[in-house]
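Examination of the molecular architecture
One letter stands for each residue in the lines below.
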Amino acid sequence: MVLIGPPGAGKGTQASILAAHYHIPHISTGDMLRQEVKLSTTIGRQIKDCLAAGNLVSDSMILGLVEMRLQQMDCRQGFILDGFPRSQVQAEATHALLERLAKPLTAVVQLIMPDEEIVTRLSFRRVCSECTRTYHLLYNAPKTEDCCDVDGAPLIQRADDTENSIRNRLTVYHRQTEPVVEYYRRTPLLKEISAEGEVNSITQAILSALAKVAA
Ligand code: ADP
Ligand code: AMP
């Protein structure tokens, strides 16, 4: 399945819960790219500024990374794509790729969230520097200040969670990713879910939408 929605809608939060529920991998293209930056690989050095500014990396680069990832053994029973596809070109290439791999999509879950809420969500987001688990200083604070509950590693603020970058990412979302939502609206795959409210109630709404697909 694909999880799609504006930055800060809770895609990563929901994807990690759903991945544990269905025992399938959570594939976050943002996490994959940040790992390249962290390791200062050739790709990482090329995309560092692009990520910090909140622009999309090139379609060919991300398609190459996703194609390799989907061929790994842990994707045999399914996968959750978080943050991909994010442009019309990526959506069309994904369709062709998944046909070739004989792994058709079951559902595309759209998390709907108004722009005003997003700045609050993202300004207070913190992530574990080791395991990438996500926290929110107001809504989902760690038990010990600035430390991950799971591994105790320091929490950091993402380089793109600044007000300028957040605003740019919203513009990029409306311009480049909303057409992808429209692309999936023309198929039976799209499930629209409100991203406002408690994390648990959003998970329940997604699970019941997916149960209807499976039925
Ligand atoms: P995305 O992956 O869509 O960018 P995240 O899952 O990282 O979004 O969530 C953005 C921020 O909002 C994080 O700090 C997260 O802890 C918080 N968050 C996620 N879902 C909710 C929710 N339902 N209510 C309040 N805060 C939330
Ligand atoms: P995210 O973690 O999903 O918020 O993504 C963080 C950043 O990674 C984005 O602002 C882009 O710079 C880059 N990125 C993630 N996924 C994609 C994608 N599918 N296509 C292009 N760029 C991406």
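These lines cover the structure that appears in this document, whether it is placed above or below. (Residues numbered from 1 in each chain as written. Chains lettered and ligands numbered in written order. Predicted model: local features only at pLDDT ≥ 70, side-chain atom pairs only at ≥ 80, totals over all residues. Heavy atoms only, no water.)

Taken together, 18 residues sit near ligand 1, with Lys 11, Thr 13, Arg 125, Tyr 135 and Gly 197 positioned nearest. Contact distances for ligand 1 include 3.3 Å between an oxygen atom and a backbone N or O atom of Ala 9. Between ligand 1 and the protein, one listed contact pairs a nitrogen atom with a backbone N or O atom of Gly 197 at 2.8 Å. When ligand 1 sits alone it has 560 Å² of accessible area, and the protein chains cover 92% of it. Put simply, the parts of the chain that give the shell around ligand 1 at least two residues each are α1 (11-22), β6 (134-136) and α8 (199-214). Among the residues forming the shell around ligand 1, the class breakdown is 7 nonpolar, 7 polar and 4 charged. (Near = heavy atom within 4 Å. Polar contact = N/O pair within 3.5 Å; in protein donor to acceptor, adjacent residues only side chain to side chain. Areas by Shrake-Rupley, 256 points an atom, 1.4 Å probe, with all protein chains shown as cover. Helix = DSSP H or I, 4+ residues; strand = E, 2+ residues; numbered from the N terminus. Nonpolar A, V, L, I, M, F, W, Y, C, P; charged D, E, K, R; others polar.)

A few words on the state of the cysteines. Scanning the model with the defined rule gives 0 disulfides in all. Unpaired in this structure, Cys 128 has its nearest cysteine sulfur neighbour in Cys 131, at a distance of 3.7 Å. Classification of Cys 128 by relative accessible area gives buried; the value is 3%. (Disulfide = S-S within 2.5 Å. Buried < 20%, exposed > 50% of the residue type's maximum accessible area, 1.4 Å probe, protein only.)

A separate point is the pattern of salt bridges. Applying the stated criterion across every chain yields a total of 11 salt bridges. Its salt-bridge partner being Glu 67, residue Arg 100 comes within 3.2 Å of it at the nearest N-O pair. With Arg 100 in helix α5 (residues 88-100) and Glu 67 in helix α4 (residues 59-70), this pair connects stretches of sequence that are 33 residues apart. Relative accessible area serves as the criterion here: at 26%, Glu 67 is assigned to the partly exposed category. Note that Asp 161 and Arg 169 form a salt bridge whose closest N and O atoms lie 3.1 Å from each other. (Salt bridge = Lys/Arg side-chain N within 4 Å of Asp/Glu carboxyl O.)

Bringing the environment of Asn 164 into the picture now. With respect to the element layout, Asn 164 can be found in helix α7 (residues 163-185). Since its relative accessible area comes to 68%, Asn 164 is described here as exposed. Asn 164 sits 112 residues away from Ala 52 along the chain, and the two C-alpha atoms are 9.9 Å apart.

A separate point is the site of ligand 2. Residues in close proximity to ligand 2 total 15 residues, the closest being Thr 29, Arg 34, Asn 55, Arg 86 and Gln 90. In the environment of ligand 2, an oxygen atom lies 2.9 Å from a nitrogen or oxygen atom belonging to the side chain of Arg 86. For ligand 2, a nitrogen atom lies 2.9 Å from a polar atom in the side chain of Gln 90. Per-element tally for the shell around ligand 2: the top contributor is helix α2 (residues 29-38), with 4 residues. Class assignment of the residues belonging to the shell around ligand 2 gives a composition of 6 nonpolar, 5 polar and 4 charged.

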